[in-house]
Amino acid sequence: MDAADQEPPKPRIVKINSTETWDSHLHQSKSDGTPMVAHFTASWCIPSVAMNPFIEELALVFNDIIFLTVDVDDFKEIANKYEVKAMPTFLLIKEGVVVGRLVGANPDEIKKRIETLLQSNSQFVV
């Protein structure tokens, strides 16, 4: 099989389908230090939906990060816990702790924040 026959890599994006799934990924981030980006979205929110292809691209580029998608209508308790009030909201999580937040569809800024997340163990100003 040559390179032309191979399927392109799939982005590492997890659609949260239960609070247990969320808790499991948060625990993983705490235990092994895996950075995560949580995209809080809603199917009726055009800017959120418009960010999906960009998030898929980022997931291909930043393959040491787990990208999570949380539908706020399905998981209000998670959205409320993290005080998500507008969509899209992106939470950057390191070692189980939220170290950054970005509200709004701003592809350049989310990419910059992800790069900072990977480069630094310390919190950065949001």
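Look above for the structure.
Residues numbered from 1 in each chain as written. Predicted model: local features only at pLDDT ≥ 70, side-chain atom pairs only at ≥ 80, totals over all residues. Heavy atoms only, no water.

### As for the pairing of strand β5 (residues 97–103)
Move 1: Where strand β4 (residues 89–94) and β5 come together, six bridges link them in antiparallel fashion. By the bridge assignment for β5, K94 is matched with V97.
Move 2: In this structure, the hairpin formed by β4 and β5 is closed by a connection of two residues, where E95 is found at a positive phi of approximately 55 degrees. (Pairing = 2+ DSSP bridges. Helix = DSSP H or I, 4+ residues; strand = E, 2+ residues; numbered from the N terminus.)

### Focus: the sheet that holds strand β2 (residues 36–41)
Move 1: What the five strands build is an open sheet, ordered β1-β3-β2-β4-β5; its pairing is mixed. In the strand order of this sheet, the two ends are held by β1 (13–15) and β5, each with one partner. Along the sheet, successive strands turn relative to each other by an average axial angle of 20 degrees, direction set aside.
Move 2: In this sheet, β4 lies alongside β2 in antiparallel orientation, the contact comprising five bridges. Opposite H39, over in β4, you have F90 as the bridge partner. (Axes fitted to C-alpha atoms, helices over the stretch in contact; angles between N-to-C directions.)

### Focus on helix α4 (residues 107–119)
Move 1: The terminal C-alpha atoms of α4, which comprises 13 residues, lie 19 Å apart, in line with the 18 Å expected from a rise of 1.5 Å per residue.
Move 2: Those residues of α4 that fall on the buried side of the exposure criterion are I110, R113, I114 and L117. Seen end-on, α4 carries its buried residues on one side only, within an arc spanning 100 degrees. Of the residues in α4, the exposed ones pointing more than 90 degrees away from the buried face are D108 and Q119.
Move 3: The inward-facing, buried residues of α4 abut β2, α2 (46–61), β3 (66–71), β4 and β5. (Expected span 1.5 Å × (residues − 1). Buried < 20%, exposed > 50% of the residue type's maximum accessible area, 1.4 Å probe, protein only. Arc of directions from axis to C-beta. Contact = heavy atoms within 4.5 Å.)

### Regarding the environment of I93
Move 1: Tracing the chain through its elements places I93 in strand β4.
Move 2: As a C-alpha pair, I93 and I114 span 21 residues in sequence and 10.0 Å in three-dimensional space.

### Some details on the packing of aromatic side chains
For any pair of aromatic rings, the description consists of the separation of the ring centres together with the inter-plane angle of the planes.
Move 1: According to the stated counting rule, one finds two aromatic pairs in the structure shown.
Move 2: Summarising the aromatic geometry, the rings of W22 and Y82 are spaced 5.4 Å apart at their centres and angled 65 degrees between planes, so their arrangement reads as edge-to-face. Of this pair, W22 sits in helix α1 (residues 19–32) while Y82 sits in the loop between α3 (76–81) and β4, placing them 60 residues apart in sequence. In terms of burial, W22 and Y82 fall into one category: buried.
Move 3: Counting every residue linked through ring pairs, the aromatic cluster contains W22, F40 and Y82. (Phe/Tyr/Trp six-rings, centres within 6.5 Å; stacked < 30°, edge-to-face > 60°.)

### Some words on the side chain of H25
Move 1: When you line up the elements, H25 lands in helix α1.
Move 2: Take H25: its relative accessible area is 14%, and that puts it in the buried class.
Move 3: When sequence neighbours within four positions are dropped, the list of residues in contact with H25 reads V14, I16, M36, I66 and L68.

### Considerations on the pairing of β2
Working note: regular strand, side chains alternate between the two faces of the sheet.
Move 1: Counting buried residues along β2, six of its six residues qualify, which places the element largely inside the surrounding structure.
Move 2: Residues M36, A38 and F40 point to one face of β2 and V37, H39 and T41 to the other, with burial holding for every one of them.
Move 3: Examined bridge by bridge, β2 and β3 share six bridges and lie parallel to one another. Considered in β3, the bridge of F40 is made with V70.
Move 4: One crossover worth recording links β2 to the parallel β3 by way of α2, and it is right-handed. (Right-handed = clockwise from strand over helix to strand, strands pointing away.)

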